[in-house]
Amino acid sequence: MKTNSISFQSMCVGSSPDTTTTKPHQLPIFATSSFVFDNAQDSIDIFTGQSTGHVYSRYANPTIDSVAAKIAALEGFDLEEEVFGLMTSSGMSAISGLILGLCKSGDKILTQGNLYGGTTELFAKLFQGLNIHPIFADLTNLDILKQALEENPDVKVIYLETPSNPTLACVDLTAIAEIAKSHGVTTIIDNTFCTPYLQRPLTHGIDYVIHSTTKYLNGHGNSIAGIIIGRKNESFHQIWQVMKLAGTNCNPWDAWLTNNGLKTLTLRMDKHSSNAMKLAQYLENHDKISLVNYNGLESHPFHEVAKKQMAQFGGMLSFEVPNGASGAIRFMDNLKIATQAPTLGDVDTLVLHPMTSSHLNVDPDLRSRNGITDGLVRMSVGIENVEDLLADVDAALQAL
Ligand SMILES: *Cc1c(COP(=O)(O)O)cnc(C)c1O
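Treat the numbers as computed from the prediction; the structure is a model and nothing was measured.

Within strand β5 (residues 186–190), five of the five residues are buried, leaving the element largely enclosed by the surrounding structure. Alternating residues of β5 divide into T186, I188 and D190 and T187 and I189, and every residue in both groups is buried. When strand β4 (residues 155–161) meets β5, the two strands line up parallel, connected through five bridges. Along β5, the bridge assignment pairs E161 with D190. Note that the unit made of β4, helix α7 (residues 173–182) and β5 has a crossover that is right-handed. As defined by bridge partners, β5 adjoins strand β6 (residues 208–212) across three bridges and the pair is classed as parallel.

This is how it looks when you write it as structure tokens:
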């Protein structure tokens, strides 16, 4: 009979043997909360920063780090400098973590009125209460931007979204980055709508990029996560520390799903963009549609700015159907292929009525000043056969 050095019970409790012989082709999921030290000195070296090593998955985890490094490399594709990426539990925690890492009480955030609804709420409700006040201004007008900076010397960051949700208004990244630099102000952009395949803000001189990877980077609607990306400078440690202490880290499973989606990013974005262009052209020529917001249309007020900084025009568009909110709701209920779901950037086509969903909690006045009218429908155009999408929209409009 074999004599074991440990008991049956302890064998159950202990770890299983490491059977890795060759490197895995695909990224493994490290489902572990902590990592093992070889000895006490190893632990001391890692905790004191003498050597690098994983400690605890809230601090960092190999699966998450790998995906973060890949997305950071895509955003920093044109740069010589080293770029970091920190994946977070959501797009919102990427935004809140980055602001908390850069700002302190008394600082101000200069931003636009037309942001993702959750971001407007975060700034107006949470950060305002922490004495980090947002200033909402029309940053498509550079004179307004310069004046706001002159009048508010305590502006610490400029927070941008281009194209913005849901009217696709654009701001000029190169021009804003230059003005910000001359005032010593840090710039942040939410690049969720474009992904680094269509727009790389760091190349235009922007300091930090955030994403809701929940959207196009994953593309399949099966995870919630975010990422903070920037040049590796002295702020990096502070931003990482906020993630660690506020506990806003991503989890390995969601990072892994994001990586699966990333593999087809360029194929998806090409198809999203060409499908959206065809739908936008169709809608622009439809007599029941009074307005189409799509950056690829020459009629769009921000077409020229978009063309300057975007490789293609992406999959997001919005348009005005007749009879206000009731018309918009009837149109959406008539659709058969497009799904009503409050997200965007998935492979399938999604529609949403901003007034009664994503922008419900945004001040009605701010809403209407930014073109979010009662009859506006937002469409995240998927990668289906475009003829099916055109037929679906056509039938839904005919039944109005
Ligand atoms: C969805 C979204 C967010 C928020 O991201 P979550 O992953 O839902 O937290 C931020 N900005 C934009 C543009 C978004 O579409």
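And the narrative resumes.
Space inside the largest pocket adds up to approximately 730 Å³. The wall of the largest pocket is formed by 29 residues, among which Y59, A60, D65, F236 and W240 lie closest to the centre. Elements represented by at least two residues in the lining of the largest pocket include exactly α2 (40–47), α3 (62–75), β1 (83–88) and α9 (235–246). Looking at the lining of the largest pocket element by element, the count peaks at five residues for β1.

Right, let's get into the packing of helix α11 (residues 265–284) against helix α15 (residues 386–398). Contact geometry of α11 with α15 gives a least axis separation of 10 Å together with a crossing angle of 30 degrees. Between α11 and α15, the interaxial angle falls into the category roughly parallel. As α11 packs across α15, the resulting crossing turns out to be right-handed. The residues of α15 that touch α11, namely those facing N275, K278, L279, Y282 and L283, are V386, L389, L390, V393, D394 and L397. Here the contact of α11 with α15 is composed, by residue class, of eight nonpolar, one polar and two charged.

What counts, and at which threshold
- Residues numbered from 1 in each chain as written.
- Predicted model: local features only at pLDDT ≥ 70, side-chain atom pairs only at ≥ 80, totals over all residues.
- Heavy atoms only, no water.
- Buried < 20%, exposed > 50% of the residue type's maximum accessible area, 1.4 Å probe, protein only.
- Helix = DSSP H or I, 4+ residues; strand = E, 2+ residues; numbered from the N terminus.
- Pairing = 2+ DSSP bridges.
- Right-handed = clockwise from strand over helix to strand, strands pointing away.
- 1 Å grid on protein atoms, 1.4 Å probe; cavity = no way out; pocket = protein on both sides within 12 Å on 5 of 7 lines; lining within 4 Å.
- Points joined across faces, edges and corners; volume = space filled by probe spheres on them.
- Axes fitted to C-alpha atoms, helices over the stretch in contact; angles between N-to-C directions.
- Parallel < 35°, antiparallel > 145°, perpendicular 65-115°, else oblique.
- Left-handed = near helix turned anticlockwise from the far one by under 90°.
- Contact = heavy atoms within 4.5 Å.
- Nonpolar A, V, L, I, M, F, W, Y, C, P; charged D, E, K, R; others polar.

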